[in-house]
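# Results of the structural survey
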Amino acid sequence: MSGVFESPKARINASMLSQYISKAVCFLGRLEKVHPSGKALSLTDGEGKTASVELNDPLDEELSGIVEVIGMVSNKGTIMASSYTQYREDKIPFDLELYNEALKVLHDYPQHYPFEVSASG
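Before going into details, it helps to say that this report is about the structure given with it.

Rules of the game
- Each residue is numbered by its place in its chain's sequence as written, counting from 1.
- Two thresholds apply to this predicted model, a pLDDT of at least 70 for residue-level local features and 80 or more for giving and counting side-chain atom pairs, whereas whole-chain, interface and lining totals are computed over all residues.
- Each side-chain value is worked out from all heavy atoms of the structure, with water and hydrogens disregarded.
- A run of H or I in DSSP becomes a helix once it reaches four residues, and a run of E becomes a strand once it reaches two; helices and strands are each numbered from the N terminus.
- Throughout, exposure labels follow a simple rule: accessible area from a 1.4 Å probe, protein chains only, divided by the maximum for the residue type, with under 20% read as buried, over 50% as exposed, and the rest as partly exposed.
- The criterion used for residue contact is that any of the two residues' heavy atoms lie within 4.5 Å.
- To pair, rings of Phe, Tyr and Trp, with the six-membered ring standing in for Trp, must have centres within 6.5 Å; the planes then decide the type, stacked if under 30 degrees apart, edge-to-face if over 60, and tilted in the middle.
- Salt bridges are counted wherever a side-chain nitrogen of Lys or Arg sits within 4 Å of a carboxyl oxygen of Asp or Glu.

## A short note on the side chain of N100
Tracing the chain through its elements places N100 in helix α1 (residues 96–108). Among the residues examined, N100 registers a relative accessible area of 3% and is labelled buried. Apart from the residues lying within four places of it in its own chain, the contact partners of N100 are N13, G46 and E47.

In structure tokens:
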């Protein structure tokens, strides 16, 4: 999955997962659940929809709040994470609904916010 870091990634929400099968994405959401194995997460986006995330290795730290995941979307619509980052909310809460509105703008005007490098394929 080293290719995940070599190209631009679309920022998406859960309703966009099916459009990005086998593509690298960046997903940001509120952590709802960690599987007991520590290798799977459930994140809720700004629309209240849930995305499933699978990790290569079990978590070695406690996660909570807002988490950003970079990975590939599987055929099942699960994000196969290559990395994750926890956003701190100790002073200012993250407005996930506003972030979702920004995502809509990015996707409504792709000519101004390109995610991908044009290539024949």
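## A word on the packing of aromatic side chains
All chains considered together, the criterion is met by two aromatic pairs. With 5.9 Å between their ring centres and 80° between their planes, Y87 and F94 make a pair best called edge-to-face. Looking at F94, the relative accessible area reads 25%, which means it is partly exposed. Aromatic side chains F94 and Y99 sit 5.9 Å apart centroid to centroid with 55° between the ring planes, which places their arrangement in the tilted category. Classification of Y99 by relative accessible area gives buried; the value is 16%.

## Here's the deal with the pattern of salt bridges
Tallied over the entire structure, the rule returns six salt bridges. Between D90 and R88 there is a salt bridge, and its shortest N-O distance comes to 2.5 Å. As far as the burial class goes, D90 and R88 line up, both exposed. Across the pair K104 and E101 runs a salt bridge whose closest N-O atoms are separated by 3.4 Å. Of this pair, K104 and E101 both sit in helix α1, three residues apart, which is roughly one turn of the helix. Residues participating in the shared-partner salt-bridge network are E47, K49, E101 and K104.

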